[in-house]
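# Examining the three-dimensional arrangement
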Amino acid sequence: MSRSEIPVQMPATEDPRAHEAAAATARAHEAAAHLLETKTHRRQHWETLAAAHRDRAAHLRSVGSPEAPHAAVSAPQEVAALQRTAATLPPGEMGISRPRLDLRIGIICDRFLFDTFTGLAELVPLTPQNWQDHLDDVDLLLVAATWRGHDGHSWDTTADDAASRRQLLIETLIPAYRQAGIPTVYYGKEDPPDYRKFLAVARACEHILTTAVEAVDWYHRDCPEAHSVGVLPFAVNPLLHSPLGSRPAATQAVLFAGSWMGKKYPLRAEYARWILDGTLAARRSPVIIDRYYEAEHPSPNQLVPYDYWGYRAPAVDHTALMGLQRVVDVAVNLNSVPDSQTMFANRALELQASGTAVLSTYNQGINSYYPQVHIANSAENVAAMLQYLDDGAEGLEMLRRIQSDGIRQVFRQNHGVDLLAHLAEVAGVPVELPQERVLAVTAEITEELAADIAAQTHEQTTLVTWDQLVSAGAPEAEILMPVTPERRYGADYTADHVAAFRLQSSPISVKLDGDAASTDSLALRHRQGLEGLDLSLTAFWKPSTLSTSRPSAEGLHAEAVGRRVFLGDHLNHTPIQPEPGPPRVHTEPNHAAEAARQTAQRLGLEVSVVVPVFNNGGHLRHKAFASLRRSPGFSRMQVLLIDDGSTDGITASILEELAARYPNVTAFRHPVGGSGSASRPRNLGLEIAATEFVTYLDPDDEQYGDAYTTMADLLRGEPEAQFALGTQYTWSDRRRHLDVHSWLTPASTADGRLLRPDRNTLAAASFRPASIEGMVARTDWLRSLGLVQPEGATGQDTLFFQQLLDRTEAYLPVAEPAYVYYGAVDTSIVNVVSPRYFRKYLIVEAARADWLRAEGLLEAYRDTRLEHFLVTWYLPQLALVPDAQCSEAEAVLHEIIGLYTDEERTMRWRTPEALRFFGRRALPDPRRMRPTLGRWRRRLRAEAAERGESFRRTGPGRLAGGVYRRTLKPRDPEAAAEQAQMRADEKMILSPTSAVSEADRWERRLTP
């Protein structure tokens, strides 16, 4: 069952029949709730559905309720209604700038991949029966990691003859194509978890492409004869994954389709519960299209938890599912692989291409490159996100922004035509793609307009005047884009038009003028002609006026008469204000300080949040700022956005937009170029902060809940405390709770609720710092310390905390997490490893060593912290440096160690890693062997698991597995009884004569 948010027009007071219909529907919902609460065997699993029916009944009885009522209907009925809506959508189209490739591909793959590439080139599916028929009529052979085949059975890895089919593929089919001169490409789309399962297939091919960048080195090692190894991400296909006609959505239900996989991927299942529970807490309902809905006895791996059985619906065909993804606003993506920068569930891309916002479990690559995808951190976090999207006009604007950013990005970066062209290029088969050179043309070039066009993220954009076109002729271009000085164009404006030409076939793209509410019914649709539309918001693909002697705006108007036109969204442009106010983004520190002071005083702001920014505007908008905006305490915050001099165009555009939209945002921009780290922005942020309290938040991290204002309130109640310190959540391959108090509290003296550090605290805590993002400090006190974070350094915040803790008399520990740290953001300077990375650390280490020496703490640091940090941080980072740069990076690391000791080779190193790095032959301290032994133990377990999995794939292994399941596998009679009772409950609830079905019928009458 699902509780979907279907708006219902409340009947007019003078219409008694409408009142009676609403009252009857309310009674039906109350009866449905009573059934679920009293007649089911396992009532605890139907509680949320019963509550949904009670809520609906209460809304229907509350005429004039300020909140729109919400309907509770069964999940199968919901899916049926969505399918009817999906059937009315326009079909997907080939993009006019990305036509079908003149390429014939022999392909072995599963259904999903086959569907993804269908229509983008000519696909010839090969089977054990027909492969010989195509030895001379394909351009290349693509063999993907395949479980069953495009038809579900040709290459079935579970069939009795699976071994002989695998032998045919590896020893006969692929060699025959190679002998015929046809390039062979293996696509490891199941890497990294199933790398070994298909390795023999990869070895048989000339070229190897993988979805997981982490597997590239493995293939180089295990396939030395491969001609090339590279990365090919998943693709989207505008024929299948299309946003056309997707607004407004047909429902506020949150869609999830797939399998649970709770036993194989327990962490994924835990994080999925956060999404589903958060969806319910936000008073939306999940609709779970369960792949194993019809399974009579689903395995523990297949079984959706009973708490969500009220929201299940049967599986639908893959093509039908793609349609359902187009008619919802929000959908769920679950990642089985959390720790890859390039491999994640393809569903995340498909949903964005369909114009759908995505709630996802964690994955490094999604977090690094798709910041508009919301990573679930808890049920409360998901609920807050959904409630923010439901918050009137601003929530709708944010929802459309998320969706727009996703559409633009996936069609520019993951278009299947582009990826197939790259695959062909790798195989040595030349394929030519149309260029996308843009000519922005205007009557007059102003300084502002020139700056806007220069900042476009689509770099192939040239600005000229109509007169220049006439006098000098048109430069080479495929897209003509009229613009005007009377508008400001955001940095993604051109990219939006480029994406539009990639996802549909009309040669004319138009941006709408207005807000989300006023344009929603028109957006992402086609119409005829430009009547009533603004020419300065259009773009034309290869217009005929460019080939005339006098191209003109009038010529474009004439060309558009009666033509099919694509209407995009309303984002990334604004009209010039007739009387511009003060600058939105300051460039003088004293002006920024005065603006911050006036703003804080006028709005009564209490906490300054300093956000250092550099070339990460997408993360700023969707991660750090979004986490602040959706918190209840946002109106009490002064958000200081300090740009270090971004060079990417989009970041400056986002700064300007946020500063213009939110009065409590003060933005400052350093000259273009950057200082190399977050130190300069943080230093300035502290200098201009004008509130009682201050904290820091990096743009790719998130405040957790309402932590900052909550800690400010706690701090106000403890006047002796100089700062409050919370814990943090950290993501790398999973979420970990980093309890900083576990090492700081024992090193300090307790005084009621406060902790009082002393001169021995740092040494007693082994100089292990906490994050300044988890701290809210008294602004005047922190400024009075005179601390300056070294510019150009990495890791400078750790030194800053060590120094301020050494000067602290008392602080307030807070047990709850204050923020979420994403530790594997591939675009972050902290995670790009090169000799320059170590040189940035050299700056902060030199400053730290000088400070420690001056304070008499150098020896204590060397004894308690130096080796630990070397082994747990520097040496793992050194292993990531490319071989050609390793010796340079190693020399810098020796220079860092030399800051703390003149005798690094004779110093008593105690860990095997340090001894090895310094070329020492000595036995390590047994107490320091635990990390090494842990790594060995994990490696041995992984190898044993791999050997077991390899055996299970053999004939004897499958036979042994069958015998075990039939005879030896323990039976759980209690679990079987619970499942039988849940089946009986579900059958009763979905019966046509049940009270729940009656409520469904009344809803359909009330909301036809």
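Scoring rules and cut-offs
- Residues numbered from 1 in each chain as written.
- Predicted model: local features only at pLDDT ≥ 70, side-chain atom pairs only at ≥ 80, totals over all residues.
- Heavy atoms only, no water.
- Helix = DSSP H or I, 4+ residues; strand = E, 2+ residues; numbered from the N terminus.
- Rg over C-alpha atoms; globule rule 2.2 N^0.38 Å.
- Buried < 20%, exposed > 50% of the residue type's maximum accessible area, 1.4 Å probe, protein only.
- Contact = heavy atoms within 4.5 Å.
- Areas by Shrake-Rupley, 256 points an atom, 1.4 Å probe, with all protein chains shown as cover.
- Lys, Arg positive; Asp, Glu negative; His and termini not counted.
- Charge placed at Lys NZ, Arg CZ, Asp CG, Glu CD.
- Pairing = 2+ DSSP bridges.
- Axes fitted to C-alpha atoms, helices over the stretch in contact; angles between N-to-C directions.
- Expected span 1.5 Å × (residues − 1).
- Polar contact = N/O pair within 3.5 Å; in protein donor to acceptor, adjacent residues only side chain to side chain.
- Salt bridge = Lys/Arg side-chain N within 4 Å of Asp/Glu carboxyl O.
- Phe/Tyr/Trp six-rings, centres within 6.5 Å; stacked < 30°, edge-to-face > 60°.
- 1 Å grid on protein atoms, 1.4 Å probe; cavity = no way out; pocket = protein on both sides within 12 Å on 5 of 7 lines; lining within 4 Å.
- Points joined across faces, edges and corners; volume = space filled by probe spheres on them.
- Nonpolar A, V, L, I, M, F, W, Y, C, P; charged D, E, K, R; others polar.

Going by the annotation in an unreviewed UniProt entry, the name recorded for the protein chain is Glycosyltransferase family 2 protein, with Nesterenkonia aerolata given as the source organism.

## Describing the overall build of the protein chain
Of the regular secondary structure elements, the protein chain holds 36 helices and 33 strands. Computed over the C-alpha atoms, the radius of gyration of the protein chain is 31 Å, within 12% of the 30 Å expected from 2.2 N^0.38 for a compact globule of 1008 residues. In terms of principal-axis extent, the alpha carbons of the protein chain reach across some 80 × 75 × 75 Å. Classification of the 1008 residues of the protein chain by burial places 57% in the buried group. Across the protein chain, contacts joining residues at least 24 apart in sequence account for 77% of those joining residues at least 6 apart. Carbon and sulfur atoms form 52% of the exposed surface of the protein chain, whose accessible area is close to 41,300 Å². If the 106 positive side-chain charges of the protein chain are averaged to one point and the 128 negative ones to another, these points end up 6 Å apart.

## Quick word on the environment of Ala32
If you trace the backbone, Ala32 turns up in helix H1 (residues 16–38). Taking relative accessible area as the criterion, Ala32 reaches 0% and is therefore assigned buried. Distance in space between the C-alpha atoms of Ala32 and Ala50 is 7.2 Å, their sequence separation being 18 residues. Excluding residues within four positions of it along the chain, Ala32 makes contact with His53, Ala995, Val996 and Ala999.

## Concerning the sheet that holds strand E3 (residues 140–144)
The parallel open sheet is built from six strands, whose spatial order is E2-E1-E3-E4-E5-E6. Two strands bound the open sheet, and with one partner strand each, they are strand E2 (122–125) and strand E6 (228–231). Strand after strand, the sheet turns through a mean of 25 degrees between neighbouring axes, direction not considered. With four bridges joining them, strand E5 (residues 207–210) and E6 adopt parallel strand pairing. Paired with Leu209 across the bridge in E6 is Gly230. The sheet contacts of helix H5 (residues 162–179) involve strand E1 (104–108), E3 and strand E4 (184–188), and relative to E3 the element is tilted by about 155 degrees.

## Focus: the sheet that holds strand E14 (residues 461–465)
Here seven strands make up an open sheet; going across it, the order is E14-E13-E15-E19-E17-E20-E18 and the pairing mixed. In this open sheet, the two edge strands, each paired with only one partner strand, are E14 and strand E18 (525–528). Mean inter-strand twist for the sheet, computed between neighbouring axes without regard to direction, equals 25 degrees. Where strand E15 (residues 479–482) lies against strand E19 (residues 538–541), two bridges are found, and the strand directions are antiparallel. The partner of Leu480 across the bridge, within E19, is Phe540. Relative to the sheet, helix H15 (residues 447–454) contacts strand E13 (438–442) and E14, its axis offset from that of E14 by approximately 155 degrees. Contacts from helix H17 (residues 493–503) reach E13, E14, E15, strand E17 (508–510), E19 and strand E20 (564–567), with the element oriented near 45 degrees to E19.

## Structural notes on the pairing of strand E7 (residues 251–258)
Counting buried positions along E7 yields seven of eight residues, so the element is predominantly enclosed. Pairing analysis gives three bridges linking E7 to strand E10 (residues 328–333), with the strands arranged parallel. Across the sheet, Thr251 pairs through a bridge with Val328, a residue of E10. Here E7 pairs with strand E8 (residues 286–290) via five bridges, running parallel. In the strand pairing of E8, Leu255 is matched with Val287.

## Comments concerning H1
Taking 1.5 Å of rise per residue, the 23 residues of H1 would be expected to cover 33 Å, and the 33 Å separating its terminal C-alpha atoms lies within 8% of that figure. Those residues of H1 that fall on the buried side of the exposure criterion are Ala22, Ala24, Thr25, Ala26, Ala28, His29, Ala32, Ala33, Leu35 and Leu36. Elements in contact with the buried residues of H1: helix H2 (47–61), helix H35 (973–990) and helix H36 (995–1006).

## With respect to the side chain of His134
Position of His134 relative to the elements: it lies in the loop between E2 and E3. On the accessibility criterion, His134 (15% relative accessible area) is buried. Only 3.2 Å separates the side chain of His134 from the side chain of Asp137, close enough to count as a polar contact. Setting aside anything within four residues of it in sequence, one finds His134 in contact with Arg104, Val124, Leu126, Tyr177 and Ile182.

## Thoughts on the pattern of salt bridges
Taken as a whole and assessed by the stated rule, the structure comprises 71 salt bridges. Its salt-bridge partner being Lys189, residue Asp110 comes within 3.8 Å of it at the nearest N-O pair. In this pair, Asp110 sits in the loop between E1 and helix H4 (111–117) while Lys189 sits in the loop between E4 and helix H6 (199–204), placing the two residues 79 residues apart along the sequence. Where Arg584 meets Glu656, a salt bridge forms, and the shortest distance between an N and an O atom there is 3.6 Å. Of the two residues, Arg584 is situated in the loop between strand E21 (573–575) and strand E22 (585–586) and Glu656 in helix H22 (residues 650–661); the sequence distance between them amounts to 72 residues. Residue Arg584 is classed as partly exposed on the basis of its relative accessible area of 37%. Of the residues examined, Glu656 reaches a relative accessible area of 23% and is grouped as partly exposed. Each of Arg401, Asp405, Arg408, Asp492, Asp496, Lys511, Asp569, Arg621 and Glu657 takes part in a single network of salt bridges with overlapping partners.

## Some points on the packing of aromatic side chains
Under the counting rule described, the total for this entry stands at 33 aromatic pairs. Arranged with centres 5.0 Å apart and planes meeting at 75 degrees, the rings of Trp147 and Phe198 form a pair that is edge-to-face. Of this pair, Trp147 sits in the loop between E3 and H5 while Phe198 sits in the loop between E4 and H6, placing them 51 residues apart in sequence. The exposure class of Trp147 is partly exposed, given its relative accessible area of 27%. On the accessibility criterion, Phe198 (3% relative accessible area) is buried.

## Focus: the environment of Ala443
Mapped onto the secondary structure, Ala443 falls in the loop between E13 and H15. When its relative accessible area of 65% is taken as the criterion, Ala443 is described as exposed. Apart from the residues within four sequence positions on either side, Ala443 is in contact with Thr465 and Trp466.

## As for unusual backbone geometry
Between Asp191 and Pro192 the backbone carries a cis peptide bond, its omega angle lying at -5 degrees. Residue placement: Pro192 occurs in the loop between E4 and H6. Note the cis peptide between Arg247 and Pro248, where omega equals -15 degrees. By secondary structure assignment, the location of Pro248 is in the loop between E6 and E7. Its identity as a non-glycine residue notwithstanding, Met261 has a phi of 55 degrees, on the positive side. Within the element layout of this structure, Met261 appears in the loop between E7 and helix H8 (266–281). Of the residues examined, Met261 reaches a relative accessible area of 18% and is grouped as buried. The phi dihedral of Arg283 is positive, around 65 degrees, even though this residue is not glycine. Considering the arrangement of structural elements, one finds Arg283 in the loop between H8 and E8.

## So, empty space enclosed by the protein
Inspection of the entire model under this criterion finds six cavities of 30 Å³ or more. Approximately 150 Å³ is the volume found for the largest cavity. Asp496, Leu524, Phe566, Gly568 and Asp569 are the residues nearest the centre of the largest cavity, which is lined by 15 residues in total. At the level of secondary structure, the elements contributing two or more residues to the lining of the largest cavity comprise helix H13 (392–413), H17 and E17. With five residues, the single largest contributor to the lining of the largest cavity is H17. For the lining of the largest cavity, the class distribution of residues is seven nonpolar, four polar and four charged. A volume near 80 Å³ is recorded for the second largest cavity. As for the second largest cavity, its lining consists of 14 residues, of which His374, Met385, His622, Ala626 and Arg630 are closest to the centre. The element contributing the most residues to the lining of the second largest cavity is helix H21 (residues 617–629), with three residues. Taken together, the residues of the lining of the second largest cavity sort by class into eight nonpolar, three polar and three charged.

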